[in-house]
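Spelled out, the chains give:
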Amino acid sequence: MFYYVLKHVVLGPVLRLLFRPRIEGLENIPEDGAAIVAGNHLSFSDHFLMPAILKRRITFLAKAEYFTGPGIKGRLTAAFFRSAGQIPVDRSGKDAGQAAIREGLGVLGRGELLGIYPEGTRSHDGRLYKGKVGVAVMAITAGVPVVPCAMVGTFEIQPPGQVVPKIKRVAIRFGEPLDFSRYAGMENQKAAIRAVTDEIMYAILELSGQEYVDEYAAKVKAAEQDAVPLRKFPKLRR
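Residues numbered from 1 in each chain as written. Predicted model: local features only at pLDDT ≥ 70, side-chain atom pairs only at ≥ 80, totals over all residues. Heavy atoms only, no water.

**Section: the overall build of the chain**
Here's step 1: Each helix and strand counted, the chain has eight helices and nine strands in total.
Here's step 2: Across the 238 residues of the chain, 46% fall into the buried class.
Here's step 3: Residue pairs at least 24 apart in sequence account for 78% of intrachain contacts in the chain once pairs closer than 6 positions are excluded.
Here's step 4: Total accessible area on the chain stands at roughly 12600 Å², and carbon and sulfur atoms take up 57% of it. (Helix = DSSP H or I, 4+ residues; strand = E, 2+ residues; numbered from the N terminus. Buried < 20%, exposed > 50% of the residue type's maximum accessible area, 1.4 Å probe, protein only. Contact = heavy atoms within 4.5 Å. Areas by Shrake-Rupley, 256 points an atom, 1.4 Å probe, with all protein chains shown as cover.)

Here's what the structure looks like:
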């Protein structure tokens, strides 16, 4: 109940009024039945803007940190995500990916929409990064279509580190559903799930027009952070 109050009464109308999203391809979202909406992830605002314009409820797999933050802000954030029906996923440890897949398949098994960001984390520089294969495993296992989605302009309104987003128009584009039924039974084959993931990322790329990086975002981000002390203290290069 709270989800629909939040979407249709409290938050949704405000977001649509402030950001006036240009929506393309909304007819590509199935009216019923299970499906995955796979999108790029540029901003914290993505969590709210896409659900606000969809007619159907969508459940995202959200990182567990959103539910475990300290202080009043942390408790409020956790309460919001739980009330909105989002599912916490622990991304640490070797079993994290399997846990996320189990949770996602549960959503799809109920005939619902599942939202996922295949990059696994927000882009720190606005580029589109290599997708993780969990989205492919879920699509093949559940036998559901994948609708590619591109958020355009959300990086500019709320880049990493910016708490309050700028009030500026954004665009949300949905591509035609991708059918991977030809890969049925191949969810454990590395070549198959890599091919499916790359096809999904290419569809997102065509919609978003971003520069593509064939590396995982988290790896690139960590490498750049590790390089900061070397830039600040050149003598450490010796």
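**Some words on the sheet that holds strand β4 (residues 87-89)**
Here's step 1: Pairing is mixed in the open sheet, where seven strands are placed in the order β1-β8-β7-β2-β5-β3-β4. The sheet terminates laterally at β1 (22-24) and β4, the two strands that pair on one side only. For this sheet, the mean angle separating the axes of adjacent strands, direction not counted, is 25°.
Here's step 2: Where strand β2 (residues 35-39) meets strand β5 (residues 113-116), four bridges bridge the pair, whose relative direction is parallel. Bridging from a neighbouring strand, Val 37 pairs with Gly 115 of β5.
Here's step 3: Here helix α7 (residues 190-208) sits on the sheet in contact with β2, β7 (146-152) and β8 (171-174), set at roughly 35° to β7. (Pairing = 2+ DSSP bridges. Axes fitted to C-alpha atoms, helices over the stretch in contact; angles between N-to-C directions.)

**Observations concerning the packing of aromatic side chains**
Here's step 1: With the rule as written, the count across this model stands at three aromatic pairs.
Here's step 2: Both rings, one in Phe 44 and one in Phe 48, keep their centres 5.3 Å apart while their planes meet at 65°; by these two values the pair is edge-to-face.
Here's step 3: Ring plane angle 20° and centroid distance 5.3 Å describe the contact between Phe 60 and Tyr 117, whose orientation is recorded as stacked. With Phe 60 in strand β3 (residues 58-63) and Tyr 117 in the loop between β5 and β6 (128-129), the pair connects residues that are 57 residues apart, well separated along the chain. (Phe/Tyr/Trp six-rings, centres within 6.5 Å; stacked < 30°, edge-to-face > 60°.)

**Considering the pairing of β7**
Here's step 1: Judged by how many residues are buried, β7 sits mostly within the fold: six of seven residues are covered.
Here's step 2: The pairing of β2 with β7 spans four bridges and is parallel. Bridging across to β7, Ala 38 finds its partner in Pro 148.
Here's step 3: Sheet analysis places β7 next to β8, joined by four bridges and oriented antiparallel. By the bridge assignment, Val 152 is partnered in β8 with Ala 171.

**Description of the nonpolar core**
Here's step 1: With 32 residues, the main nonpolar core has Ile 36, Phe 180 and Ile 200 as its most contacted residues.
Here's step 2: Elements supplying a minimum of two residues to this core: β2, β4, α4 (96-109), β5, α5 (134-142) and α7.
Here's step 3: With eight residues, the single largest contributor to this core is α7.
Here's step 4: If near-sequence neighbours (up to four positions away) are discounted, Ile 200 is found in contact with Ala 38, Val 135, Val 146, Leu 178 and Phe 180.
Here's step 5: Counting 22 residues, the second largest nonpolar core, distinct from the first, contains Leu 113, Cys 149, Met 151 and Val 170. (Core = buried A, V, L, I, M, F, W, Y, C linked by side-chain atoms within 4.5 Å.)

**Description of α7**
Here's step 1: With 19 residues, α7 extends 27 Å between its outermost C-alpha atoms, agreeing within 8% with the 27 Å of an ideal straight helix rising 1.5 Å per residue.
Here's step 2: Burial in α7 covers these residues: Ala 192, Ile 193, Arg 194, Val 196, Thr 197, Ile 200, Met 201, Ala 203, Ile 204, Leu 205, Leu 207 and Ser 208.
Here's step 3: On the buried face of α7, the contacting elements are β2, β6, α5, β7, β8 and β9 (212-213).
Here's step 4: Note on α7: the residue one or two positions beyond its end, Gly 209, has a positive phi of about 70°. (Expected span 1.5 Å × (residues − 1).)

**Focus: the pairing of β8**
Here's step 1: Sheet topology places β1 next to β8; three bridges connect them, and they run parallel. Pairing of Ile 23 across the sheet is with Ile 172, part of β8.

The analysis is restricted to geometry; functional conclusions fall outside its scope.
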